[in-house]
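Residues per chain, in single letters:
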Amino acid sequence: MDYLHNFIFGIYPYIALAVFLLGSLVRFDREQYSWRSESSQLLHRGSLRLGSTLFHVGVLGLFFGHAVGLLTPVAVWDALGVSHQAKQMVAMVAGGAMGSLCLIGILVLLARRFGSERLRAITTARDKLVLGWILVALSLGLASIFVSASHTDGHVMVQLMTWAQHVVTFRQDAAGFLVDVPLVFKLHLFMGMSLFLIFPFTRLVHVWSGFGAAGYLRRAWQLVRVR
């Protein structure tokens, strides 16, 4: 179990990150025609706008919230006078709000996709995998809020921050900070890291284009003209 723990939280993050970066590069170089979001609006519009908007707002909020929350050194928060308890409460409230938006959005999109015979017919195994994976990872993240509510001293949050910062700075002792962390956090981290692993092989690669385009946030909604 010690070896498995050290592998998942000490070595696996680098494997997932390497596949994420190199896999995306190889796919862009070799399969540019598959580099798209594969919009299904032409087949069935339904609740696409509502579900997509809620999902993307939630995902962006969670992404930047996790990045700032996990990768900002504890010393910076201490220097700003933000206590561990206060930071944990902010993380719980903001994460709960963005996570709820994302959950509602993905449930709307799932209902739309699997409620339409035409959409079910074009849904690939990779689509099912990534949708299911995001749903499970998101559910675990929301479940961790209830666990966090039982210990509001911020100790576990600091452990998670320290682990993430040791991983990105290539320090070997990262896995040790998660030994006594509740299981729901470990499962959430594993599912999150694995999402980066499967990223290059799914339609998620279109995210790169979004971040790479200067006008991404100001882009017009896709227009589809009906006869």
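Residues numbered from 1 in each chain as written. Predicted model: local features only at pLDDT ≥ 70, side-chain atom pairs only at ≥ 80, totals over all residues. Heavy atoms only, no water.

## A word on the overall build of the protein
The number of helices and strands found in the protein is nine helices and zero strands. Element order for the protein, N to C, with α for helix and β for strand: α-α-α-α-α-α-α-α-α. Taken over 227 residues, the protein has a buried fraction of 37%. Within the protein, contacts between residues separated by at least 24 positions form 81% of all contacts whose residues are at least 6 apart in sequence. (Helix = DSSP H or I, 4+ residues; strand = E, 2+ residues; numbered from the N terminus. Buried < 20%, exposed > 50% of the residue type's maximum accessible area, 1.4 Å probe, protein only. Contact = heavy atoms within 4.5 Å.)

## Re the packing of helix H6 (residues 125-148) against helix H8 (residues 183-198)
Closest axis-to-axis distance for the H6/H8 pair is 9 Å, and the angle between their directions is 155 degrees. With respect to their mutual orientation, H6 and H8 come out roughly antiparallel. Regarding H6 and H8, the two cross each other, and that crossing is left-handed. Packed against H6, whose contacting residues are Leu129, Val130, Trp133, Ile134, Val136, Ala137, Leu140, Gly141, Ala143, Ser144, Val147 and Ser148, the element H8 presents Val184, Phe185, Leu187, His188, Met191, Ser194, Leu195 and Ile198 at the interface. Along the lines of polarity and charge, the residues of the contact of H6 with H8 split into 15 nonpolar, five polar and no charged. (Axes fitted to C-alpha atoms, helices over the stretch in contact; angles between N-to-C directions. Parallel < 35°, antiparallel > 145°, perpendicular 65-115°, else oblique. Left-handed = near helix turned anticlockwise from the far one by under 90°. Nonpolar A, V, L, I, M, F, W, Y, C, P; charged D, E, K, R; others polar.)

## Structural notes on the UniProt feature "transmembrane region" (unreviewed entry) in the protein
UniProt annotation of "transmembrane region" (unreviewed entry) refers to residues 6-26, 47-69, 89-110, 130-151 and 189-217 when read in the numbering used here. Counted over residues 6-26, helix gives 100% and strand 0%. Its end C-alpha atoms are 29 Å apart. Between the C-alpha atoms that bound residues 130-151 the distance is 32 Å, and the span itself is 86% helix and 0% strand. (UniProt positions renumbered as here; feature names shortened; annotations may be inferred.)

## Topic: helix H7 (residues 155-168)
Given a rise of 1.5 Å per residue, 14 residues ought to cover 20 Å, and the 20 Å separating the end C-alpha atoms of H7 matches this to within 8%. Taken across its 14 residues, H7 has 12 buried, putting it largely inside the fold. In this structure, the buried side of H7 is in contact with helix H1 (2-30), helix H2 (48-71), helix H3 (74-79), helix H4 (84-115) and H8. Phe170 sits one or two positions beyond H7 and adopts a positive phi of about 60 degrees. (Expected span 1.5 Å × (residues − 1).)

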